[in-house]
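# Descriptive structure summary
Take a look at the letters that make up each chain.
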Amino acid sequence: MKLTKTLVAVALSISVASATDVMTKSMNIMQQGIEQVQFGFINNNEQIIREGLKQISKGNAMFSDEAVIKKYLPDNKKHMVNVASNASKRIAADATIIELNLDDKAYTKAAEGYADMVNACSRCHGIIRSW
Ligand code: HEC
């Protein structure tokens, strides 16, 4: 009985922690992904770029809902939720653009898509951090 209660308490605290931590999780996944993509471009390794893009798309999907994004914007920046969520949409679009360019072996264009993606990260961070 005691053990059951403890287990329930542990399970509850885990689910609460993961609910509040969706942003941290999403950002960590995207961070790993963008490092992989950069590594792939610098080392001319298409496979690593593609794996990194998958990570980024996964992380970005976790932090793309306007209501979720708004929660993390400071009070004096809530009105900029559209701009912030456009940054997330831009990341999703860039992932597709990069993949299509890789399919076409248009590596310079693919690399431009990567640069645009990094700018989209900064666009949202800039709002949040009042850069
Ligand atoms: C729609 C908004 C938004 C976008 C787009 C975005 N981020 Fe973030 N990011 C945040 C918020 C909110 C924080 C937490 C506040 C802070 O660190 O200033 C954050 C923090 C981070 C952190 C620090 C995490 C931590 O635990 O402190 C990393 C790393 C990060 N982002 C990576 C990325 C990468 C890489 C991209 C682009 C692929 C990206 N982010 C795009 C909103 C965004």
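Refer to the structure presented above.
All values derive from a computational prediction rather than experimental measurement.

## Topic: the site of the ligand
Near the ligand lie 20 residues; those nearest to it are Met-27, Gln-31, Tyr-72, Cys-121 and Cys-124. Elements with a minimum of two residues in the shell around the ligand: helix H2 (22-42), helix H4 (66-72), helix H5 (81-103) and helix H6 (107-128). Grouping the constituent residues of the shell around the ligand by class yields 15 nonpolar, 4 polar and 1 charged.

## Considering the nonpolar core
Formed by 19 residues in total, the largest nonpolar core has its most connected members in Val-37, Leu-53, Ile-56 and Ile-91. If you list the elements that add at least two residues to this core, you get H2, helix H3 (46-62), H5 and H6. Excluding anything up to four places from it in sequence, Ile-56 contacts Met-30, Gly-33, Ile-34, Val-37, Ile-91 and Ala-95.

## Notes on unusual backbone geometry
Trans peptide bonds make up most of the peptide bonds, and negative phi angles are found at most residues other than glycine. We note that Asn-44 has phi near 55°; this positive angle belongs to a residue other than glycine. Tracing the chain through its elements places Asn-44 in the loop between H2 and H3. The backbone of Ser-130 shows a phi angle near 50°, a positive value even though the residue is not glycine. One can find Ser-130 in the segment after H6.

## Description of the packing of H3 against H5
Axis separation between H3 and H5 bottoms out at 10 Å; the angle between their running directions is 160°. Relative to H5, H3 is oriented roughly antiparallel. Note that H3 runs across H5; the crossing there is left-handed. Along the contact surface, H3 presents Glu-46, Ile-49, Arg-50, Leu-53, Ile-56, Ser-57 and Asn-60, while H5 presents Ser-88, Ile-91, Ala-92, Ala-95, Ile-98, Glu-99 and Leu-102. When the residues that make up the contact of H3 with H5 are grouped by side-chain class, the tally is 8 nonpolar, 3 polar and 3 charged.

Reading guide: rules and limits
- Residues numbered from 1 in each chain as written.
- Predicted model: local features only at pLDDT ≥ 70, side-chain atom pairs only at ≥ 80, totals over all residues.
- Near = placed C-beta within 6 Å.
- Helix = DSSP H or I, 4+ residues; strand = E, 2+ residues; numbered from the N terminus.
- Nonpolar A, V, L, I, M, F, W, Y, C, P; charged D, E, K, R; others polar.
- Core = buried A, V, L, I, M, F, W, Y, C linked by C-beta atoms within 7 Å.
- Buried ≥ 20, exposed ≤ 12 C-beta atoms within 10 Å, placed from the backbone.
- Contact = placed C-beta atoms within 7 Å.
- Axes fitted to C-alpha atoms, helices over the stretch in contact; angles between N-to-C directions.
- Parallel < 35°, antiparallel > 145°, perpendicular 65-115°, else oblique.
- Left-handed = near helix turned anticlockwise from the far one by under 90°.

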